[in-house]
Amino acid sequence: MTGPSRSQTKPKNQAVRRAQISFSTEARAVNTQVASNPSSDLSPPTPLKASITTRDWTLEGLIAKGKRFREIPRVSAQQSGDVLKGTIEKHEQSGVPLIIEGWHKHHKWSSDIFDVHWLEKHHGNDTILTRNVHDRRDKELPVAEFLNKCRETEPFAKPDETERLYGKDAACPPQWKDWLDSRVLPASLLPSGDNDLMQHLPRSGEVESLLCYHGVGDTFTPCHKDLCGSSGHNLMCYSEKGGSSFWFMTASQTAPEVADYFQSELGQELDWEGHVATVNELARAPFPVYIGEQKLGDLILVPPRSCHQVVNYGGLTMKISWSRMTVRGLGIALHYELPIYRRVCRPEQYRVKSVLYRSLL
């Protein structure tokens, strides 16, 4: 961003509303499945099965489990600007995910604000919409109470456990947005920057994609694609007690194969965002799956249409996430993603036609 974040003018309850929209997508998926199968058990889902726990996970061990598993390519944030720019351009052309590591070693890294105690002190009374990953029920909690619950939670789910909370789609603190404004990260990757066509939307129709994710081990985001063919970015800005996140991702061009595999083999609709694939399910897939372990200072670049899911590991982690809409992304949205949204009855949210119109103007 070239100036103060436009989203700072938004009321706080709009961030909660965005989270409710996102969470409701998964709820619609569950409701639709129940409606299509009247004999379905309407009782709350059983506690998390052992098949999804991250206990004993290592990157090397996971990659060894599937013949089509690949490690997500990594590059250093410390390389020269021109070299890094070229690497990012190659990533965008290839459609393969990329991790840029080591941003926490940058001399402008703000460890003072990227801290759980700072967040409790300055935003502890703010509310955050949390999801219990065991029964997929949502509730609002004060940020301080949520963080305390996370830090008291064991890193791995137990068979009889009934609550494990994940803070998903949380409002980004203004101070963290200001840090992004300082252009420590490459300008081409920043939200509302020169390579983000959503910057052209008028204030009355602007879209907010800058959100935060907070969670402990064995919390997760189901397999999904970033909205409307956009390019995704996720920076881990805090970690404690060895906390990290395992990412399972596909290349842009395999999105149709992934959707077909979810329908034909797993009995799931990918674009309802309601299924977390197990390691064994992904290992059987007929397409490459890229796996990476995101640690402090790692920036994940998610290409358009990349199908990905995130499973947290160990202690508490906090991440900043945003999306950009590029010219290529607009074409992908119009030709591929919006027809899918109409088929599965989900909201567009990113105002694709308005972005196109305003960008042309």
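Preceding block: the structure.
Small disclaimer: the values here were computed from a predicted structure and weren't measured.

Asker: Even after reading the chapter, I still don't get the pattern of salt bridges, so can you show me in this structure?
Answerer: Where charged atoms from two side chains of opposite charge come close, those side chains can pair. This model, assessed by the stated rule, comprises 14 salt bridges. One salt bridge in this structure joins Glu163 and Lys149, with 3.7 Å as the shortest N-O distance. Highlighted residues: Glu163 in the loop between helix H5 (143–152) and strand S6 (165–171) and Lys149 in helix H5, separated in sequence by 14 residues. Given a relative accessible area of 32%, Glu163 falls into the partly exposed group. A relative accessible area of 27% places Lys149 in the partly exposed class.

Asker: Even after reading the chapter, I still don't get the pairing of strand S3 (residues 98–101), so can you show me in this structure?
Answerer: Here strand S2 (residues 74–76) pairs with S3 via three bridges, running parallel. If you follow Ser76 over to S3, its bridge partner there is Glu101. Of the strand pairs in this sheet, S3 and strand S12 (residues 299–302) are connected by three bridges, and their pairing is antiparallel. Looking across to S12, one finds that Leu98 is bridged to Leu301.

Asker: Got a minute to help me understand the nonpolar core in this structure?
Answerer: Considering soluble globular proteins, one finds that nonpolar side chains tend to be buried as a cluster. By size, the foremost hydrophobic cluster in this structure holds 41 residues, and its most contacted members are Ile100, Trp103, Trp176, Trp179, Leu299 and Ile320. Sort the elements by how many residues they give to this core and H5 lands first, with four residues. With sequence-adjacent residues up to four places away left out, Ile100 is seen in contact with Val75, Ser76, Ala77, Leu84, Ile88, Leu189, Gly297, Asp298, Leu299 and Leu301. Leu59, Phe220, Phe248 and Phe287 belong to the second-largest nonpolar core, a separate cluster that totals 30 residues.

Each value, and the rule that gives it
Residues numbered from 1 in each chain as written. Predicted model: local features only at pLDDT ≥ 70, side-chain atom pairs only at ≥ 80, totals over all residues. Heavy atoms only, no water. Salt bridge = Lys/Arg side-chain N within 4 Å of Asp/Glu carboxyl O. Helix = DSSP H or I, 4+ residues; strand = E, 2+ residues; numbered from the N terminus. Buried < 20%, exposed > 50% of the residue type's maximum accessible area, 1.4 Å probe, protein only. Pairing = 2+ DSSP bridges. Core = buried A, V, L, I, M, F, W, Y, C linked by side-chain atoms within 4.5 Å. Contact = heavy atoms within 4.5 Å.

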